[in-house]
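Listed here are the chains, written in short residue letters.
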Amino acid sequence: MDFDGEQFREDRLMDDKLHEECGVMAIYGHPEASKLAYLGLHALQHRGQESAGIASSDGERIHLYKAMGLVADIFNEETLKRVPGPMAIGHTRYSTTGDSALLNAQPIRVECNKGRIAVAHNGNIVNAAEIRKKFEQQGSIFQTTSDTEVIVHLIAQSKEQTLTDSIADALRRIEGAFSVVIVTEKYLFAARDPRGFRPLSMGRIPGVGGRPDTVVFGSETCAFDLINANFERDLKPGELVVVGPGGVKSRFYAPALPQTSCIFEHVYFSRPDSVIFGRPVQASRESMGRTLAREAPVLADIVVPVPDSGVTAAMGYAQESGIPVQFGLIRNHYVGRTFIEPEQRVRDFGVKLKLNPVRSLLKGKRVVLIDDSIVRGTTSKKIVRMVRDAGASEVHVRISCPPTISPCYYGVDTPNREQLIASSKSVEEIREFIGADSLAYLSLEGLRKASGEGDTPMFCTGCYTGSYPTNFVELHDIQPVEVVK
Ligand code: SF4
């Protein structure tokens, strides 16, 4: 597929959102494993739209097909035939480390002293550069610039005797956020990092006609719905699940550390129809909107979401405030990667391609505009101007999370600190920059509660506080703990 990387980067800047890094799927024990992985990836497309791939095992060989682009464009009957067998893992990607190129697309397949394996992961390994440097000094050759390849080298170089022990050993040596799926000739592995940064769920498709159940793993439960899999449970932080001819086995490769799951999964990344970290995302977002209405009320005529991601919080805000919600901005879902702008430049062209105001709803109205984040502030400014130009008499912006002041090191594509408007400007200065009549953000406490946190902290909030759960230390010295079942 022809792919214009430069334009893609511009598009990313244009939509001014934080981007999720990846989605993973894994299927064990189904004659059409790669088809199910493909469908799952389709449901996870929002987690990465840059490249996608599937690796499968037919019991003897590992097959791989990956390409740049969207899942539906990459896979068809022909390409899916190239990944046969009853086991498959799949990946859809944004790059957070490594160049945005096919070379770094996942899964990554290797043949090493431990056999043939393919690996795909969601997250960011914060000590990958350090490990890589060590290996390179010892003469190892890396084929990609992706941090996933570090896992592969760690597995290959492990002194453990069995593949499962080698994988556990490799996972103990990496630090950061990772939900990993691995396929070998006979086994499927799935694991979450010891802090549980990224989601990873397990499900089952009941077997028919005497066939055993199909075991599935996916970044989000919405992927299970499409393939009729029943959600079983989330993998626990530090857990490694092995699925093979002997059934499903679980062990903890490292002790669970204090849980610091990414709270932004609830704010923006995950789909509202998913259950993430044990809580429906829909419920969290609605609660964020309700809390926001209590914390930052305003006299207004209508609540207008910035579609799509602001919709659920806007419903919550409307319910709590009693102000009716109106879909005053319409999103064009069919915007491709490149667009030719007329020579006479159109003001706010990029945003207008994606959003259009409904003038009849906005004219003369005091509007509460609900969005889920302000990253650089440039897009918010254009949207506020668009709503005003459409006739709104007042525009009050409400954001369903606290100001983003710091970058993410755990697999989310964030700009540099300097480019984050809230890192250097006060809320009042941001209000002035975006041209709103008022601006308010949800409090951190409000966000934590709305996302389901009780008395025990369970979330990373690094991008809102600048305080991170890891010191970027290596975990070389952590020893494994006992098998649980
Ligand atoms: Fe999520 Fe922000 Fe933590 Fe990154 S820094 S893992 S985006 S909460």
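Residues take numbers from 1 onward in each chain, read along the sequence in its written order. Given that the model is predicted, a residue must reach a pLDDT of at least 70 before its local features are reported, and side-chain atom pairs must reach 80 or more before they are shown or counted; all residues, however, enter totals for whole chains, interfaces and linings. Side-chain numbers come from the whole structure's heavy atoms, not from hydrogens or water.

As a further point, take the site of the ligand. A single heavy atom is enough: if one lies within 4 Å of a molecule or strand, its residue is considered near that molecule or strand. Around the ligand, the neighbouring residues are R198, C262, I263, F264, C408, Y410, V412, C460, G462 and C463. Cavity: a set of points on a 1 Å grid over the protein atoms alone where a 1.4 Å probe fits but cannot get out. Pocket: an open set with protein on both sides within 12 Å along at least five of seven lines, its lining residues, like those of a cavity, having an atom within 4 Å of a point. A pocket or cavity is taken to hold a molecule when more than half of that molecule's atoms are within 2 Å of the pocket's grid points. Taken atom by atom, the bulk of the ligand overlaps the largest cavity. Just so you know the grouping, Ala, Val, Leu, Ile, Met, Phe, Trp, Tyr, Cys and Pro go in nonpolar, Asp, Glu, Lys and Arg go in charged, and all remaining residues, Gly too, go in polar. Counted by class, the shell around the ligand contains eight nonpolar, one polar and one charged residues.

As used throughout, domain bounds are those supplied by an automatic or database domain assignment. For the protein chain, the assigned domains read domain 1 (5-11 + 21-257) and domain 2 (282-332 + 349-455). For domain 1 and domain 2, the distance between their C-alpha centres works out to 35 Å. In this complex, domain 1 contributes eleven residues to the contact, which on the side of domain 2 involves seven residues. Throughout, the accessible surface (probe 1.4 Å) given up by two parts as they are put together, summed over both, is called the buried area. Across the domain 1 to domain 2 interface the summed buried area is about 580 Å²; carbon plus sulfur atoms make up 58%. The contact definition used throughout considers only heavy atoms, calling two residues in contact when any of these lie within 4.5 Å.

Another aspect to go through is empty space enclosed by the protein. Grid points are joined across faces, edges and corners, and a volume is the space filled by probe spheres set on the points. If you walk through the whole model with that rule in mind, you get three cavities of 30 Å³ or more. Approximately 110 Å³ is the volume found for the largest cavity. As for the largest cavity, its lining consists of 14 residues, and the residues nearest its centre are C262, F264, C408, C460 and C463. Contributions of two or more residues to the lining of the largest cavity are made by α9 (264-269) and α18 (462-465). Across the lining of the largest cavity, the residue classes break down as twelve nonpolar, one polar and one charged. The secondary structure listing takes helices from DSSP runs of H or I that are at least 4 residues long and strands from runs of E that are at least 2 residues long, numbered from the N terminus.

Put simply, a nonpolar core is a bunch of buried Ala, Val, Leu, Ile, Met, Phe, Trp, Tyr and Cys residues held in one set by side-chain atoms that sit within 4.5 Å of each other. Here the term buried applies to any residue with accessible area under 20% of the maximum for its type, exposed to any over 50%, and partly exposed to those in between, with areas from a 1.4 Å probe on protein chains only. Counting residues in hydrophobic clusters, the biggest one holds 63 residues, and the most contacted among them are L369, V387 and V397. If we ignore the near neighbours within four places in the chain, the residues touching L369 are V304, V306, L329, I383, V384, V387, V395, H396, V397 and R398. Listed in part, the 31 residues of the second largest apolar core include I131, I155, F178 and I182.

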